[in-house]
Structures are given as structure tokens and as C-alpha cells.
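For reference, the chains in residue letters:
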Amino acid sequence: MRRIALYAVVFAALLYAVHRLAMVAVAWLLGNQDMIVGLDCCVDYRRESTDPWSNVLVAVSGVLATQAVAWVAIGLLASRRGGPPHVPATLAGTAFVMSPLLQLIVYVVWHWAERDYVAVIDYLMDATGLPEMALIVAMLGLFAGYAVLFWWALWRAWQRSGAPAAPVAGA
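Everything in this summary refers to the structure shown in the same document. Here the structure is a predicted model, which is why all the values come from computation and not from measurement.

### Overview of the overall build of the protein
Then, in step 1: Across its full length, the protein holds 5 helices and 0 strands.
Then, in step 2: Sequence-distant contacts in the protein: of pairs separated by 6 or more residues, those separated by 24 or more amount to 64%.
Then, in step 3: By element, 72% of the accessible surface of the protein is carried by carbon and sulfur atoms, the whole surface being about 9600 Å².

Quick look at the structure:
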């Protein structure tokens, strides 16, 4: 169990770097250099951009990058090519917790903090003209659907890998 916790901490640090670097890379590729502050794009979002869709893309790119890593880990787990099954499973689970879940928690706790979901909703409001509450409901629905799909895929990959079921506490 300690090894899994250690893997999760190491993976979390690496995934944080992937998240940030993806945002910086996308901002740079879109010519949005004003958004880049060191290795962070969340500090200085460029609200006056003439293309709000590029702002949406920068805001979601970190989560998309970490989830790409998670799906590769799920694929490795399902194909039995990831070494011990707990390594890719821990990577995938950590990626889910680090990006979409943590971003959602930050959004709920600090609703107006300049973080990815807030930025996505703000930029989607600019791009579409839809009301904020409709976008929040859509974001929560998208998150819930993705969470179900993600954990189902991880569970099926674990089964396919032939790994034993996780022990139940107290048994």
C-alpha cells in the first residue's frame, strides 16, 4: 500500500507538470503569449482576446493532456503491457483525481478563483453567449458522464489484466 501511495505522489507531481506544460504549449502554439507567466497560464488569462475559443482551448488543454496520459495507462493495463497492474492503474486514477476532479473541487470551493473550469465557463460564455448557469450544469453533466465512463474503463482494464480483486478492508 505504501508503494502505491508513493507512486501516486510521484505521478501527481509529473501530471501537474504535464498539465501546466500542455497549457503553456497550447497558448504558445495559438500565439497567446500574454497568457504565459512562467509555467502557468492560469495567472493571466487574456480576456480581451478576439478569439474566445482559443482561450477555451488553452483552459482545457491541461486537463486533456493529463487525461490522455490516463487513457494510455488504461490501455497499457488492459493490454497487460504496463508491468505490475497497480502501476498503470495508479497512474490512471491519479490522473483523474489530479485533473478533472481536483479542478471541480477548486471550482466548487473557490467559485471565482481563476482556475481551469472557471476559465472554461467564462470563455464559453464569451464564445457562445449562453448563460453561466446553463454552462455550469453542462459542465457538471459532462464531468459526471466522463467520471462514469473513466472508472468503468479502468475497472474493465483491471479485470482484463487478470489482476486479483482489491482486498476489502477488514476482511
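There is more to say after this.
### Describing the packing of aromatic side chains
Then, in step 1: Within the structure shown, the criterion is met by 9 aromatic pairs.
Then, in step 2: When the centroid spacing of 5.9 Å and the interplanar angle of 40° are considered together, the rings of Tyr 146 and Phe 150 count as tilted. You can see Tyr 146 and its partner Phe 150 sitting in helix H5 (residues 132-161), 4 residues apart, about one turn around the helix.
Then, in step 3: By relative accessible area, which is 21% here, Tyr 146 ends up partly exposed.
Then, in step 4: Since its relative accessible area comes to 0%, Phe 150 is described here as buried.
Then, in step 5: Taken together through their ring pairs, the aromatic side chains of Trp 71, Phe 96, Phe 143, Tyr 146, Phe 150 and Trp 151 make up a single cluster.

### Details of a nonpolar patch on the surface
Then, in step 1: Taken together, the side chains of Trp 71, Leu 149, Trp 152 and Trp 155 make up a nonpolar region of the molecular surface, amounting to roughly 450 Å² of accessible area.
Then, in step 2: Among the elements that line the nonpolar patch, the one with the most residues is H5, at 3 residues.
Then, in step 3: Tracing the backbone shows Trp 152 in helix H5.

### So, the nonpolar core
Then, in step 1: The biggest cluster of nonpolar side chains holds 20 residues, and the ones touching the most others in it are Ile 74, Ala 92, Phe 150 and Leu 154.
Then, in step 2: Contributions of two or more residues to this core are made by helix H1 (2-29), helix H2 (52-78), helix H3 (86-109) and H5.
Then, in step 3: With near-sequence residues (within four places) excluded, Ile 74 lies in contact with Ala 92, Phe 150, Ala 153, Leu 154 and Ala 157.
Then, in step 4: Core analysis: the next-biggest nonpolar cluster, separate from the first, contains 10 residues, Val 56, Ala 119, Tyr 123 and Leu 124 among them.

### Let's talk about H1
Then, in step 1: Counted at 1.5 Å a residue, the expected span for H1 with its 28 residues is 40 Å, and the 40 Å between its end C-alpha atoms agrees.
Then, in step 2: The complete set of buried residues in H1 reads Phe 11, Ala 12, Leu 15, His 19, Arg 20, Ala 22, Met 23, Val 24, Val 26 and Ala 27.
Then, in step 3: Two residues or fewer past H1, Gly 31 is found with a positive phi of approximately 75°.

### Considerations on the environment of Leu 29
Then, in step 1: Summarising the element assignment, Leu 29 is placed in helix H1.
Then, in step 2: Among the residues examined, Leu 29 registers a relative accessible area of 63% and is labelled exposed.

### Quick word on the environment of Gly 31
Then, in step 1: Among the structural elements, Gly 31 can be located in the loop between H1 and H2.
Then, in step 2: In the structure, Gly 31 is positioned 23 residues away from Ser 54 in sequence and 9.4 Å away in space, judged by C-alpha atoms.

### Things to note about the packing of H1 against H2
Describing two packed helices takes the angle between their axes plus the distance from one axis to the other.
Then, in step 1: Put simply, H1 and H2 touch, their axes get as near as 8 Å, and they point 140° apart. Taken together, the axis directions place H1 and H2 in an arrangement best described as oblique. The interaxial crossing formed by H1 with H2 has right-handed handedness. Here Leu 15, Val 18, His 19, Ala 22, Met 23, Val 26 and Ala 27 of H1 lie close against H2, whose contacting residues are Leu 57, Val 58, Ala 59, Ser 61, Gly 62, Val 63, Ala 65, Thr 66 and Val 69.
Then, in step 2: Taken together, the residues that form the contact of H1 with H2 break down as 12 nonpolar, 4 polar and no charged.

The rules behind each value
Residue positions are counted from 1 within each chain, in the order its sequence is given. For a predicted model such as this one, the threshold for reporting local features is a pLDDT of at least 70, and the threshold for listing and counting side-chain atom pairs is 80 or more; totals across whole chains, interfaces and linings nevertheless cover every residue. Side-chain numbers here rest on the full set of heavy atoms in the structure, without hydrogens or water. Going along the chain from the N terminus, every DSSP run of H or I of four or more residues is numbered as a helix, and every run of E of two or more is numbered as a strand. Contacts were defined at the residue level, with two residues in contact if any of their heavy atoms lie within 4.5 Å. Accessible surface is estimated by sampling points in the Shrake-Rupley manner with a 1.4 Å probe; for residues, cover comes only from the protein chains shown. Ring pairs shown here join Phe, Tyr and Trp side chains whose ring centres sit within 6.5 Å, with only the six-membered ring taken for Trp; geometry is labelled stacked below 30 degrees between planes, edge-to-face above 60, and tilted in between. Any residue under 20% of the maximum accessible area for its type is buried, any over 50% is exposed, and the rest in between are partly exposed; the area is computed with a 1.4 Å probe on protein chains only. Patches here are clusters of residues that have more than 30% relative accessible area and form no salt bridge, with a 9 Å joining cutoff for like charges and a 5 Å cutoff for nonpolar side chains (Val, Leu, Ile, Met, Phe, Trp, Tyr). One side-chain nitrogen of Lys or Arg within 4 Å of one carboxyl oxygen of Asp or Glu is enough to make a salt bridge. The definition of a nonpolar core used throughout is a set of buried Ala, Val, Leu, Ile, Met, Phe, Trp, Tyr and Cys residues joined through side-chain atoms within 4.5 Å. In this analysis, the expected span of each helix is defined as 1.5 Å times one less than the number of residues it contains. All axes here are fitted lines through C-alpha atoms, helices being fitted over the stretch that makes contact, and every angle between N-to-C directions spans 0 to 180 degrees. Comment on the angle field: the value is read as roughly parallel under 35 degrees, roughly antiparallel over 145, roughly perpendicular from 65 to 115, and oblique elsewhere. Should the near helix be turned anticlockwise from the far one by less than a right angle, the crossing is left-handed, and should it be turned clockwise, the crossing is right-handed. The residue classification treats Ala, Val, Leu, Ile, Met, Phe, Trp, Tyr, Cys and Pro as nonpolar and Asp, Glu, Lys and Arg as charged. All others, Gly included, are polar.

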